[in-house]
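# Architecture at a glance
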Amino acid sequence: MFTGRALIPVKLLKPYGDWKQGDIALVEDWKAKVLWESGVGEVVDETDKVIGEIDGVIGEERKGEPLTPLPAGLYERAEFYIYYLENYVRRNAGESIETLGVKMTKLANLKKKYRYLKELRFKKIMEAVRLRPNSLEVLGRLSPEERRIYLELSKIRNEWLGG
């Protein structure tokens, strides 16, 4: 599920390796999951930051410009925080109603914006495939996941319409 392409801040609750208790380490998403699930670390909630980045990309995409490059690891960070918030609510059912309400609101907002971003970019990828299949310029603006979609659809388009 987690690819190691996203860096997540984790506050260490216990000494771990070269880190001391209280240190904040920036680790790959899969390591953050292991540290959090094992109780060694506490995820620093940067959901608002990720939502802000998604909002920024959506704003750029709405301008009607060609596909804009994404901040590195945006999809992976969004997926990590969706995982984190869903599991936080499950694991901390005894937490205050206010805290759980905030986490659930963030989760709903993140999911909604993340889905919208993916749909918006998918439409633009489809149009790019139609007009410019296998373009290196377009490929340079895509995330690894989007590159796969673009290349596969370009192949299908070229088989159907010819190159």
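In this report, the structure presented in the accompanying data block is examined. Worth saying up front: this structure is predicted, and the values here are computed from it rather than measured.

## Concerning the sheet that holds strand S2 (residues 24-28)
The 3 strands are arranged S2-S1-S3 in an open sheet whose pairing can be described as antiparallel. Across the chains shown, the open sheet's two edge strands, defined by having one partner strand only, are S2 and strand S3 (41-43). When strand polarity is set aside, the average angle formed by the axes of neighbouring strands in this sheet is 45°. Where helix H1 (residues 29-37) meets the sheet, it contacts strand S1 (7-12), S2 and S3, and its direction lies at approximately 125° from that of S2. Sheet strands in contact with helix H3 (residues 74-91) are S1 and S3, and its direction is about 40° off that of S1.

## Comments concerning the pairing of S1
Alignment of S1 against S2, held across 5 bridges, turns out to be antiparallel. The residue bridging Pro9 from the neighbouring strand is Leu26, located in S2. Judged from the 3 bridges that link them, S1 and S3 form a sheet pairing that is antiparallel. Its bridge partner lying in S3, Val10 is registered against Val43.

## Some words on the packing of aromatic side chains
By the definition in use, this model includes 8 aromatic pairs. Each ring, one from Phe80 and one from Tyr83, has its centre 5.8 Å from the other, and the planes form 55°; the classification is tilted. Of the two residues, Phe80 and Tyr83 both sit in helix H3, 3 residues apart, roughly one turn of that helix. Note on accessibility: Phe80 and Tyr83 belong to one class, buried. Aromatic pair Tyr81 and Tyr84: ring centres 6.3 Å apart, planes at 90°, arrangement edge-to-face. Of this pair, Tyr81 and Tyr84 both sit in helix H3, 3 residues apart, roughly one helical turn. Joined through ring pairs, the aromatic side chains of Trp36, Phe80, Tyr81, Tyr83, Tyr84 and Tyr88 make up one cluster. Here the guanidinium or amino end of Arg91 rests over the ring plane of Trp36, the centre of that ring lying 4.1 Å away.

## Focus: the environment of Tyr84
Exposure remark for Tyr84: the relative accessible area of 4% places this residue in the buried category. Each C-alpha atom of the pair Tyr84 and Gly94 lies 17 Å from the other, and the pair is 10 residues apart in sequence. Those residues in contact with Tyr84, other than ones at most four positions away along the chain, are Trp36, Val43, Asp45 and Lys103.

## With respect to the pattern of salt bridges
Evaluated as defined, the whole model comprises 18 salt bridges. The salt bridge partner of Asp48 is Lys106, with a shortest N-O separation of 3.7 Å. Residue Asp48 is located in helix H2 (residues 47-62), and its partner Lys106 is located in helix H4 (residues 97-131); the two are separated by 58 residues in the primary sequence. One network of salt bridges, with partners in common, ties together Asp45, Asp48, Lys103 and Lys106.

## Comments concerning the nonpolar core
Note on soluble globular proteins: their nonpolar side chains tend to be buried together. Ranked by internal contacts, the top residues of the largest apolar core, which has 34 residues, are Ile54, Phe80, Tyr81, Tyr84 and Leu110. Mapped by element, the contributors of at least two residues to this core are S1, S2, H1, H2, H3 and H4. Sorting elements by how many residues they give to this core places H3 first, with 11 residues. With residues up to four places along the chain from it excluded, the contact list for Leu110 reads Thr47, Val50, Ile51, Ile54, Ala78, Tyr81 and Ile82. Counting 8 residues, the second-largest nonpolar core is a separate cluster that includes Leu67, Ile125, Ala128 and Val138.

Cut-offs and rules
Residues numbered from 1 in each chain as written. Predicted model: local features only at pLDDT ≥ 70, side-chain atom pairs only at ≥ 80, totals over all residues. Heavy atoms only, no water. Pairing = 2+ DSSP bridges. Helix = DSSP H or I, 4+ residues; strand = E, 2+ residues; numbered from the N terminus. Axes fitted to C-alpha atoms, helices over the stretch in contact; angles between N-to-C directions. Contact = heavy atoms within 4.5 Å. Phe/Tyr/Trp six-rings, centres within 6.5 Å; stacked < 30°, edge-to-face > 60°. Buried < 20%, exposed > 50% of the residue type's maximum accessible area, 1.4 Å probe, protein only. Lys NZ or Arg CZ within 6 Å of the ring centre and 35° of its normal. Salt bridge = Lys/Arg side-chain N within 4 Å of Asp/Glu carboxyl O. Core = buried A, V, L, I, M, F, W, Y, C linked by side-chain atoms within 4.5 Å.

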